[in-house]
Amino acid sequence: MQRFVDTVLAVTKESVKTFTYESLHNIVRLINGVSALLLTLLPGKANILEGLHGWELRPTVRGPRFPRWMENGVSSFNKFIHDLSMDSDTSSEDYSSAEEDSDGICPASPLSQSSRVSRTNSFRKNSGYRKGWTMLLLSWILFPVRFLLGIPLCLCRLFYIRTSFMRGSHRPSRLHSIRRVNTPKDHVIHHTTDRRRGVIEDLHLAIEIFIEAIFDFFHKAAHFLLSPSEVLRIPYRWFSYQRSGHEDTNGMSDTSVPTATLGESDPTPTERKTTFHQSLNTDARTCQDVITELGYPYEAIRVITADGYVLLLERIPRRDSRKALYLQHGLLDSSMGWVSKGIVGSPAFAAYDQGFDVFLGNFRGLVSREHVDKNISSRKYWRYSINEHGMEDIPAMIEKIHQVKTAELTISQPDLEEEMNDDQPYKLCAISHSLGGAAMLMYVITRCIEEKPHRLSRLILLSPAGFHHDSTLAFTAMEYLLLLLAPILGPIIPGLYIPTRFFRMLLNKLARDFHNYPAVGGLVQTLMSYVVGGDSSNWVGVLGLPHYNMNDMPGLSFYVAHHLAQMKHAKKFIMYDYGSASANMKAYGSPEPLDLGEYYGLTDIPVDLVAGRKDNVIRNSMVKVHYRLMKDAGVDVSYKEFEYAHLDFTFSHHEELLAYVMSRLLLVKPTEKQPFNQEASRSKRKGQVNHLIRRTVLE
């Protein structure tokens, strides 16, 4: 009777699993199909999705077809039963899943390894008893007789187990008997398989665990009712084990799995504890993880700004190099953008391979809110604009770079100090993207106005912000909304970010689902592109990058967005307008915020401007405004265009862009002197500053 109940429960459980899985698959397939239909109706999708791999640009309506588990006229459940019966006499059952996964093709509806093992274990108990329905029917008829005769037999068996155990001849526990030694093949699959799961895959797993728990409860309940002696034996056995000693428990104290690692000289399995530090199967890698996994050195430097913000300056150190590179990210980005394309396409690794000491800067504005004041309020923390990026963050990080490089080079090359005299013993170049470009220009100009060294030898700006009056209707609507509601929204919503770990995790997992279901991903990509003016960057792909993970993520200060709206409205590259003449007078010495475009003549280093023809966030016409003003002011400036969208400069692999950037960097020689006289340049800047200040005051 117990065997019959086990068989019925096992068959019912697998039937419920199959029905539930396929129902979920059909719902997801319906959502994906509706997304494909909506995608066909949206205008401009071809340009937005151009170059993005995996999106269905022309989804077609297919006729009805069998579900996945009914392909070839047989369900996967029945196929599993057939394969199990064919392989029940062999000892390779545990390795079948590894054989199936070795082809590298992931199914559309992944079933976890635990599901397959549980199915095998459920039917392995009964595989030796399937001798036909005749025996089962006979056992059902003779059940009362068996039950009555089973009571004394159980008592005898219990006495025998007690006697055997006291003699020390008990068998090893089942946990040890079912342990499996992982082969080198399993080891390779374990490391090469992408473990990240989306929301749909997590839902699969949750349903599987729930069904297993429910049927396990019914199985134990039936076992208790039909075999009470077996149930009573369990506490008796526990009591006996405690009295006999801890021989068995010592061997079972840690849940571990014997493994053999590929490439080891000694293939003997070693004990490895199983841990779960995968952040719920999301990609939570940091910039440090990416750099070190690729075999490059790494160093983290904490930088504290004058107003108390704690910044992370990351480094790929080449300590004896006299060439240094500083990389600064843009809006809602981090240093991860400079290394996200791996060794081949990332400018950070390319510069390091060319002999540069690479520094990766990170602006203030993380959700973790790192500050010297541990109790700083959210409203106070997010109270900053682009002014603070250019006049607090970048100066603090560049001064830290100067301190580190000067100290290291002085120690490694003692004669360098006499050779360089008052000049710095290294050349520092900077590459900035988007908002980072605007902040870098602000830094250089304000340092020149204050007659302080900026320590840079060359500046490469990738689609820099600053001028935004030529933009789409979506940005114009956001401009007027921000300018109109700034006094109300500023105190209420000081920062724009995802506040909780759960929703940050959900965003990361949804990005994974967008990749697994191309029509849904294409629809979201198109809608997001509409919001940002039709820019064809891979917005959905960026959401799945590790710097948008559950532990931390970059946020956006409301006042940074307000500052960008002020620039767009004024059609000038201005500093932040505090809203009153007295506040501006206190900050700038004039009732109006400074127009940085008028001070481009103070720039005393070469500047390379790069624009994208497909960039609808900062159009190439706006980058040309920077170029014309610099050219008219006598700046050594160059201009280059590529067929890129806004995020292609950092998150997409383009060899031509990387080759161009490296060629501009290599123009800076570590031993060459500045081609201009420092004193003459300082006097010239001082005269220009006085003239511009007098003109501003008179106006």
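Conventions used here
- Residues numbered from 1 in each chain as written.
- Predicted model: local features only at pLDDT ≥ 70, side-chain atom pairs only at ≥ 80, totals over all residues.
- Heavy atoms only, no water.
- Patch = residues over 30% accessible without salt bridge, like charges linked within 9 Å, V, L, I, M, F, W, Y side chains within 5 Å.
- Areas by Shrake-Rupley, 256 points an atom, 1.4 Å probe, with all protein chains shown as cover.
- Salt bridge = Lys/Arg side-chain N within 4 Å of Asp/Glu carboxyl O.
- Buried < 20%, exposed > 50% of the residue type's maximum accessible area, 1.4 Å probe, protein only.
- 1 Å grid on protein atoms, 1.4 Å probe; cavity = no way out; pocket = protein on both sides within 12 Å on 5 of 7 lines; lining within 4 Å.
- Points joined across faces, edges and corners; volume = space filled by probe spheres on them.
- Nonpolar A, V, L, I, M, F, W, Y, C, P; charged D, E, K, R; others polar.
- Helix = DSSP H or I, 4+ residues; strand = E, 2+ residues; numbered from the N terminus.
- UniProt positions renumbered as here; feature names shortened; annotations may be inferred.
- Pairing = 2+ DSSP bridges.
- Contact = heavy atoms within 4.5 Å.
- Axes fitted to C-alpha atoms, helices over the stretch in contact; angles between N-to-C directions.
- Phe/Tyr/Trp six-rings, centres within 6.5 Å; stacked < 30°, edge-to-face > 60°.
- Lys NZ or Arg CZ within 6 Å of the ring centre and 35° of its normal.
- pLDDT = per-residue confidence, 0-100.

## Concerning a nonpolar patch on the surface
On the surface, a cluster of nonpolar side chains totalling about 400 Å² of accessible area is made up of Leu30, Val34, Leu38 and Leu41. On the accessibility criterion, Leu41 (67% relative accessible area) is exposed.

## Re empty space enclosed by the protein
With the rule as written, the count across this model stands at 3 cavities of 30 Å³ or more. Taken as a whole, the largest cavity encloses approximately 120 Å³ of empty space. Along the wall of the largest cavity there are 19 residues; nearest its centre are His329, Leu332, Phe363, Arg364 and Gly555. Classifying every residue of the lining of the largest cavity by side-chain character gives 9 nonpolar, 8 polar and 2 charged. The volume enclosed by the second largest cavity comes to roughly 100 Å³. Lining the second largest cavity are 13 residues; nearest its centre among them are Val310, Leu311, Phe363, Leu366 and Glu370. At 3 residues, the largest contribution of residues to the lining of the second largest cavity is made by strand β4 (residues 310-316).

## Let's talk about the pattern of salt bridges
Scanning the entire structure with this criterion turns up 23 salt bridges. Arg447 is the salt-bridge partner of Glu399, the closest N and O atoms lying 3.4 Å from each other. With Glu399 in helix α17 (residues 386-412) and Arg447 in helix α19 (residues 435-449), this residue pair connects regions lying 48 residues apart in the sequence. Several salt bridges share partner residues, and in doing so they unite Glu299, Arg315, Arg319, Asp357, Lys405 and Glu408 into one network.

## Topic: the UniProt feature "transmembrane region" (unreviewed entry) in the protein chain
Mapped onto this structure's residue numbering, the UniProt feature "transmembrane region" (unreviewed entry) falls at residues 133-160 and 480-499. With 65% helix and 10% strand, residues 480-499 has its two end C-alpha atoms placed 26 Å apart.

## Description of the pairing of strand β3 (residues 299-304)
Note that β3 and β4 share 6 bridges and pair antiparallel. Opposite Arg302, over in β4, you have Leu312 as the bridge partner. Hairpin connection from β3 to β4: 5 residues lie between these consecutive antiparallel strands, with Gly308 at a positive phi of about 95°.

## Topic: the environment of Val607
Tracing the chain through its elements places Val607 in strand β11 (residues 607-612). Among all residues touching Val607, those that are not within four sequence positions of it are Leu459, Leu461, Met630, Val635, Asp636, Val637 and Ser638.

## Topic: the layout of surface pockets
Counted as a void, the second largest pocket has a volume near 1300 Å³. Leu331, Leu332, Phe475, Val532 and Leu556 are, among the 39 residues lining the second largest pocket, the residues nearest its centre. Contributing elements (two or more residues each) for the lining of the second largest pocket: α20 (473-492), α22 (518-531), α23 (539-543) and α24 (558-570). In terms of residue count, the dominant contributor to the lining of the second largest pocket is α20 (6 residues). Class assignment of the residues belonging to the lining of the second largest pocket gives a composition of 30 nonpolar, 6 polar and 3 charged.

## Here's the deal with the sheet that holds β4
Strand order across the open sheet formed by 8 strands is β3-β4-β6-β5-β7-β8-β11-β12, with mixed pairing between neighbours. Two strands bound the open sheet, and with one partner strand each, they are β3 and β12 (637-642). The sheet shows a mean angle of 20° between the axes of neighbouring strands, direction not considered. In this sheet, strand β8 (residues 458-462) lies alongside strand β7 (residues 427-433) in parallel orientation, the contact comprising 5 bridges. Residue Ile431 lies in a different strand from β8, and its bridge partner there is Ile460. In the packing of α17 onto the sheet, contacts are made with β3, β4, β5 (323-328), β6 (357-361) and β7, and the angle to β4 comes to roughly 45°.

## A short note on the side chain of His402
Here His402 lies in helix α17. Residue classification places His402 among the buried residues on the basis of a relative accessible area of 16%. If sequence neighbours within four positions are ignored, His402 has contacts with Gln424, Tyr426 and Arg455.

## Considering the environment of Val520
Inspection of the secondary structure puts Val520 in helix α22. Taking the C-alpha atoms as reference, Val520 lies 5.5 Å from Asn32; in sequence the two are 488 residues apart. Setting aside residues no more than four positions away along its own chain, Val520 makes contact with Ile31, Asn32, Ser35 and Phe514.

## A closer look at the packing of aromatic side chains
Aromatic rings in a pair are described by how distant their centres are and how their planes are angled relative to each other. In the structure shown here, the tally under the stated rule is 17 aromatic pairs. Between Phe502 and Phe503 the ring centres are 5.3 Å apart and the planes differ by 75°, which places this aromatic pair in the edge-to-face class. What makes Phe503 partly exposed here is its relative accessible area of 46%. With a centroid separation of 5.9 Å and an interplanar angle of 65°, the aromatic rings of Phe642 and Tyr660 are classed as edge-to-face. Of this pair, Phe642 sits in strand β12 while Tyr660 sits in helix α28 (residues 655-665); the two residues are 18 residues apart in sequence, bridging distant segments of the chain. Here the two residues Phe642 and Tyr660 agree in accessibility, since each one is buried. Cluster of aromatic residues (ring-pair linked, three or more members): Tyr309, Tyr381, Trp382, Tyr384 and Tyr497. In this structure, Arg364 is placed above the aromatic ring of Tyr309, and the distance from its NZ or CZ to the ring centre is 3.8 Å.

## Quick notes on the confidence of the model for the protein chain
For the protein chain, per-residue confidence averages 75 on the pLDDT scale, and residues scoring 70 or more make up 65% of the total. Confidence over residues 84-131 falls short of pLDDT 50; this stretch has 60 contacts with residues more than four positions distant or in other chains. Overall, residues 672-678 carries pLDDT values under 50, and its contacts beyond four positions in sequence, including any with other chains, amount to 8 contacts.

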